[in-house]
Amino acid sequence: MSTTGTAARPLPAGHPDETRLDRAGMPHMLRFGFLGLLLVMTAVGLESNILTPHMVDVLGSPEATISSIITGHSVAVLIASYLGGSLSDLFGPRRVMAIGAAIFLVFQVLFLISLSAGSLEMAAVTYFLRGFGFPMFAFAFIVWVNITAPPERNSTAIGWFYVMYTGGLPTLGSLVAIGAIPTFGGGRAGETGAMWLAAVLVAAGFLISWFGIKDARGSQRIAPAGESAAQVMTAGLRLTFTNRKVAMGFLIRLINTAPQFGMFIMLPAVISTTLGWGQSRWLAMTVAVYATNILVNAVFGAIGDRWGWRRTVKWFGIAGSAIGLLLWWYVPHMVPAGSTWGYIASVVAGCIFGCLLAGFVPMGAIMPALAPDHRGAAIAMYTTAAGGATFLGSAVVAIVFNIAAGLGWDDFTRNSVVVWTFVALYACAFAMIRHLKVPEDEDKEKYGRLFGRRAAPVTTSPADA
């Protein structure tokens, strides 16, 4: 069934045969993979903003119980994110993407059947197992991007990956949900129909990627030939425990999007019910916030290639995201609840967070550069951290919610503690990023300019060559 073929190898930056996509930083030969990723992540994003209240309604369980189920799903996402990178080293990313899509489709169907039967236990089990699906698909593809993009455009290519990743989760996903829920009858029935639609989108994304990418290297082993399967599968873990910089890079990427997933759990009820703007306006806000993120992911990748990977992450990603997160939480509470102008101000505050969150994009270039002799293993840890952010975000919410229930905090105090916990994590990341110097980034930091011409050309390191 493979369609790998013998297509031309990736072109170096500046080659006369490069296409417009290549020059923009997106490897032309992987263009259908980017499209497939967008569809798969749209499916995941479609239900991300409706799942918690839907499960509370269908299963009749308290929000704390449902948040614990979602945390369990996040554990599966964490494990699968590591497997996506390490199995790609062993078997090639094409096969791993196929496995991920199959897992999602099988357990999505079983999860929806469990919900219709009202079984809390089966819903928890099937939703946990479904969590292995999309990370294996997405993070196998980022390995493919890393081994294809030229070093001079690596950060930009990672930026395009996140354009598609966040373009689907939650941006296009929320937009599709706005239309799909009323189309399928609205209310509980409409939300169920929308989640069945998610399975269709995953199937379409997989088929486009499988038949569209003509690159034989995607089916080939990436790890060195002399390493055993056990060595390949454990390389990322061993590297993290023996390389302090890789460990810190892992933690920074883990912190990166954790607040995003935490806010998905906490904000829907606050915006739609507590502050009176309704579900459709919450979904529209989500579209606006992450549409902003889509527009600037590739931009911040290019800024990293120009101004310095580490500087971009430090000032735009970490410091900027912390400020943006505080704005997104407090501005909605400072304006009149339910007012139109207050809603607009709240959306703008959220868009600031979505924009500056893209400042973390160059971490996808920093991590492999931290371990030039084990780039595949470093990428596996990067993808693990990216998936682990889902776990960390939901775990912070679950822990604080359960503490709040025991101490009798009101909802605003409880939710504010969640936000400030994420800000504290950003402060930890700010302290760690200064240690992540890599040779490929030295010239960028020394000669790069955020505006105007570079002081001197950026050189390519021997490792990259």
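Residues numbered from 1 in each chain as written. Predicted model: local features only at pLDDT ≥ 70, side-chain atom pairs only at ≥ 80, totals over all residues. Heavy atoms only, no water.

Participant: Please explain the overall build of the protein chain as it appears in this structure.
Facilitator: Regarding its fold elements, the protein chain presents 19 helices and 0 strands. A globule of 465 residues ought to have a C-alpha radius of gyration of about 23 Å, and the protein chain, at 21 Å, matches this closely. Along the three orthogonal principal directions, the C-alpha set of the protein chain runs to about 60 × 50 × 40 Å. A buried classification covers 58% of the 465 residues belonging to the protein chain. (Helix = DSSP H or I, 4+ residues; strand = E, 2+ residues; numbered from the N terminus. Rg over C-alpha atoms; globule rule 2.2 N^0.38 Å. Buried < 20%, exposed > 50% of the residue type's maximum accessible area, 1.4 Å probe, protein only.)

Participant: For this particular structure, what's the right way to read the nonpolar core?
Facilitator: Nonpolar side chains in soluble globular proteins tend to be buried together. Ranked by size, the top nonpolar core spans 138 residues in total, and within it F141, F161 and M363 carry the most contacts. Take this core: its biggest share by element is 13 residues, from helix 17 (residues 375-407). Discounting residues that sit within four places of it in the chain, M363 has contacts with G249, I252, V313, Y382, I433 and L436. F300, I303, W307 and A358 belong to the second largest nonpolar core, which has 5 residues in total. (Core = buried A, V, L, I, M, F, W, Y, C linked by side-chain atoms within 4.5 Å. Contact = heavy atoms within 4.5 Å.)

Participant: Would you mind showing me how to read helix 12 (residues 258-274) here?
Facilitator: Since the α-helix turns once every 3.6 residues, residues separated by three or four places project in the same direction. Its 17 residues place the ends of helix 12 23 Å apart at the C-alpha level, agreeing with the 24 Å of an ideal helix rising 1.5 Å per residue. Along helix 12, the largest kink reaches about 45° and is centred on M266; proline P268 follows within four residues of it. Most of helix 12 sits out of view: 14 of its 17 residues are buried. One or two residues past the end of helix 12 sits G276, with phi positive at roughly 75°. (Expected span 1.5 Å × (residues − 1). Bend = angle between axes of the 7 residues up to and from the residue.)

Participant: Honestly, the confidence of the model for the protein chain in this entry has me stumped. Any pointers?
Facilitator: Fine structural detail should not be taken from predicted coordinates in areas where pLDDT scores are low. With 92% of its residues at a pLDDT of 70 or more, the protein chain shows a mean pLDDT of 86. Here residues 1-7 is modelled with pLDDT under 50, and outside its nearest four sequence neighbours on either side it reaches 17 contacts, counting other chains as well. (pLDDT = per-residue confidence, 0-100.)

Participant: Can you walk me through empty space enclosed by the protein in this structure?
Facilitator: The gaps of empty space that remain are located by a probe, the size of a water molecule, rolled over the atoms. Under the defined criterion, the tally for this structure stands at 3 cavities of 30 Å³ or more. Taken as a whole, the largest cavity encloses approximately 260 Å³ of empty space. Every residue lining the largest cavity is counted, 17 residues in all, and those nearest its centre are S48, I70, Y127, F261 and T390. Counting only elements with at least two residues in the lining of the largest cavity, the list comes to helix 2 (31-48), helix 3 (51-59), helix 4 (63-91), helix 6 (120-130), helix 12 and helix 17. Classifying every residue of the lining of the largest cavity gives 9 nonpolar, 6 polar and 2 charged. There is about 150 Å³ of room inside the second largest cavity. Considering the residues around the second largest cavity, the lining is formed by 16 residues, among which Y162, T166, R253, N256 and T257 are closest to the centre. Those elements that place two or more of their residues in the lining of the second largest cavity are helix 8 (154-183), helix 11 (244-256), helix 12, helix 13 (278-307) and helix 17. Taken together, the residues of the lining of the second largest cavity sort by class into 9 nonpolar, 6 polar and 1 charged. (1 Å grid on protein atoms, 1.4 Å probe; cavity = no way out; pocket = protein on both sides within 12 Å on 5 of 7 lines; lining within 4 Å. Points joined across faces, edges and corners; volume = space filled by probe spheres on them. Nonpolar A, V, L, I, M, F, W, Y, C, P; charged D, E, K, R; others polar.)

Participant: Just to check I follow, could you spell out a nonpolar patch on the surface for this structure?
Facilitator: A cluster of nonpolar side chains, namely V106, V109, L110, I113 and W196, defines an oily patch on the protein surface of about 410 Å² accessible area. Examining the composition of the nonpolar patch, we find that 4 residues originate from one element, helix 5 (residues 93-117), more than from any other. Residue position: V109 is located in helix 5. Overall, V109 belongs to the partly exposed group, its relative accessible area being 30%. (Patch = residues over 30% accessible without salt bridge, like charges linked within 9 Å, V, L, I, M, F, W, Y side chains within 5 Å. Areas by Shrake-Rupley, 256 points an atom, 1.4 Å probe, with all protein chains shown as cover. Salt bridge = Lys/Arg side-chain N within 4 Å of Asp/Glu carboxyl O.)

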